[in-house]
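Chain by chain, the residues run as shown.
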Amino acid sequence: MAKRKRLSPAPAFEIPDPLAGSGELETKAMNGWVGTRAPIADVAGDAARHAALEEVSAELHSARAEGRMVLRLPLDAIEANHLVRDRVAVDEDDMLSLTDSLRDRGQQTPIEVVDLGQGRYGLISGWRRLMALQALQAEAPEDARFAYIQALVRSPNGAPDAYRAMVEENELRANLSFYERARIAVKAAEEGVYESPKHAVQSLFLSVRRAKRSKILSFTELVELDDQLSFPSAIPEKLGLALVGAMRAQPAFKVKLIAHLGKARPLADAAAERAVLERCMRALTQAAPSPPLERIVEGVELRVQTGKATLSGPGVDDALLANLRDWLRSRH
């Protein structure tokens, strides 16, 4: 009977003490195989650092996506005409003040843009700041301060949100005229963003008072004269509403108005254009017969004219006026 060969036990694989040595990786040989182990403290530290880096990276991505991170973008990467702008006229003194401020103190407030891809960004708000920085860059092309602009990247939910963001920013920062507000509503409707100027006004100026929205909507009819007017943003509220009322009451008035504006060109300034518009209104008022008085109740008569309603008679007392004020306020 063959004698069985007794096998000797394999040499033990030694597990290094994690607290011993310099903390570097240690190796032990076992039958020609090399095993590698890291001290537990190092493994835990690496995992914690990796987790922290992932957390920071995720927060940076989130901040950028949510528009909470101010980015430094090349000035020539911004497309100023991404949206139809609501600013028609720019006050030269205001622009000079802004340019001086940017030159002395740098950009304090970021603009808002939307990422168009391929390194391009569409301007949502901050048109004046962009124009001022472009002027400074042209003035001093060697100055690196004016080659970049600070921006927040927004992610609007489609064109309506982008237009609303632009309008809301300008409602807070810029003194837009009624004409400029109405014009952006008309242009947004023409771009197909809204189905009509009325819907554009209701959406873009949702946060303004109802009476103001009504005036903006009236001014949208004046935007029909956009090609005929040289200084439309300078038309005051009262005159603009009167012109709209006249065009509604007498369609022929619009034709006469355009003819008078054409004869008066070239107009030197906004005051000259305003004088032409006021002359047209005076001529219309003088030519129109006085509207008849309408008896509303005993002692109260009403006369309705273009853009104006007049109550008269002994019944127009303090109590009636108080009730009328309360009723008007309740509607707005």
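Teacher, can you tell me more about helix H8 (residues 237-249) here?
Since the α-helix advances by 3.6 residues per turn, residues separated by three or four positions end up pointing in the same direction. With 13 residues, H8 should cover 18 Å at 1.5 Å per step; its first-to-last C-alpha distance of 18 Å lies within 8% of that length. Buried residues of H8: Leu-239, Gly-240, Ala-242, Leu-243, Val-244, Gly-245, Ala-246 and Met-247, and no others.

In this structure, what is going on with the pattern of salt bridges? I would like to understand it.
A pair can form between side chains of opposite charge whenever their charged atoms are brought close. What the rule picks out here adds up to 12 salt bridges. Between Lys-187 and Glu-190 there is a salt bridge, and its shortest N-O distance comes to 3.5 Å. Here Glu-190 and Lys-187 lie together in helix H5 (residues 178-190), a separation of three residues that amounts to about one turn. A salt bridge links Glu-221 to Arg-248; the nearest nitrogen and oxygen atoms lie 2.6 Å apart. Here Glu-221 is found in helix H7 (residues 210-222), whereas its partner Arg-248 is found in helix H8, with 27 residues between them in sequence. A single network of salt bridges, built from pairs that share partners, joins Asp-100, Arg-103 and Glu-139.

Can you help me understand unusual backbone geometry in this one?
Most peptide bonds take the trans configuration, and most residues that are not glycine carry a negative phi. Going from Arg-265 to Pro-266, the amide bond is cis rather than trans, its omega being 0 degrees. Within the secondary structure, Pro-266 sits in the loop between helix H9 (251-264) and helix H10 (270-287). With a phi close to 55 degrees, Gln-118 is a non-glycine residue in the positive phi region. Here Gln-118 lies in the loop between strand S5 (111-117) and strand S6 (120-125).

What am I meant to see in the environment of Ile-124 here?
Positionally, Ile-124 belongs in strand S6. A residue is classified by how much of its surface remains accessible, and Ile-124, at 1% relative accessible area, is buried. Between the C-alpha atom of Ile-124 and that of Ala-80, which follows or precedes it by 44 residues, the distance is 8.3 Å.

Whenever I open this one, the packing of aromatic side chains confuses me. Can you help?
For any two aromatic rings, the description comes down to two numbers: the centre-to-centre distance and the angle of the planes. Per the counting criterion, the structure on display carries one aromatic pair. For Arg-72, the ring lying beneath its charged end belongs to Tyr-148, and the centroid distance is 3.9 Å. When the ring centre of Phe-178 is taken as reference, the NZ or CZ atom of Arg-181 above it lies at 5.7 Å.

Sorry, what's going on with the packing of H5 against H7 here?
Helix-helix packing is characterised by the crossing angle of the two axes and by the distance between the axes. Contact pair H5 / H7: the axes reach a minimum separation of 8 Å and the direction vectors enclose 70 degrees. It follows that H5 is roughly perpendicular to H7 by the angle criterion. Two secondary-structure elements touch here, H5 through Phe-178, Tyr-179, Arg-181, Ala-182 and Val-186 and H7 through Lys-212, Lys-215, Ile-216, Phe-219, Thr-220 and Leu-222. Considering only residue class, the contact of H5 with H7 consists of seven nonpolar, one polar and three charged.

What is the right way to read the environment of Gln-228 from this model?
Within the secondary structure, Gln-228 is located in the loop between H7 and H8. Its relative accessible area of 24% is what places Gln-228 among the partly exposed residues. Considered as a pair, Gln-228 and Ile-258 are 30 residues apart in the sequence and their alpha carbons are 6.6 Å apart. Leave out the neighbours within four places in its chain, and Gln-228 touches Ile-258, Leu-261, Arg-265 and Glu-273.

Would you explain the sheet that holds strand S4 (residues 78-79) in this entry?
Across a sheet, paired strands are connected by hydrogen bonds in the backbone, their directions being either parallel or antiparallel. Strand order in the open sheet made by the five strands is S3-S7-S5-S6-S4, with mixed pairing throughout. Because the sheet does not close on itself, it has two edges, and the strands there are strand S3 (70-74) and S4. As paired elements, S3 and strand S7 (residues 148-154) share five bridges and run antiparallel to each other. Counterpart to Arg-72 in the pairing with S7 is Gln-150.

Would you mind going over the nonpolar core with me for this structure?
Generally speaking, a soluble globular protein has its nonpolar side chains buried in company with each other. Core analysis: the largest hydrophobic core is formed by 40 residues, its most contacted members being Leu-222 and Phe-253. Only helix H4 (159-173), H5, helix H6 (197-204), H7, H8, H9 and H10 provide two or more residues apiece to this core. Per-element tally for this core: the top contributor is H5, with seven residues. Sequence-distant contacts of Phe-253, defined by excluding residues within four places in its chain, comprise Leu-243, Ala-246, Met-247, Cys-280, Met-281 and Leu-284.

Criteria and thresholds
- Residues numbered from 1 in each chain as written.
- Predicted model: local features only at pLDDT ≥ 70, side-chain atom pairs only at ≥ 80, totals over all residues.
- Heavy atoms only, no water.
- Helix = DSSP H or I, 4+ residues; strand = E, 2+ residues; numbered from the N terminus.
- Expected span 1.5 Å × (residues − 1).
- Buried < 20%, exposed > 50% of the residue type's maximum accessible area, 1.4 Å probe, protein only.
- Salt bridge = Lys/Arg side-chain N within 4 Å of Asp/Glu carboxyl O.
- Phe/Tyr/Trp six-rings, centres within 6.5 Å; stacked < 30°, edge-to-face > 60°.
- Lys NZ or Arg CZ within 6 Å of the ring centre and 35° of its normal.
- Axes fitted to C-alpha atoms, helices over the stretch in contact; angles between N-to-C directions.
- Parallel < 35°, antiparallel > 145°, perpendicular 65-115°, else oblique.
- Contact = heavy atoms within 4.5 Å.
- Nonpolar A, V, L, I, M, F, W, Y, C, P; charged D, E, K, R; others polar.
- Pairing = 2+ DSSP bridges.
- Core = buried A, V, L, I, M, F, W, Y, C linked by side-chain atoms within 4.5 Å.

Fair warning: the whole summary comes from geometry, so function is off the table for now.
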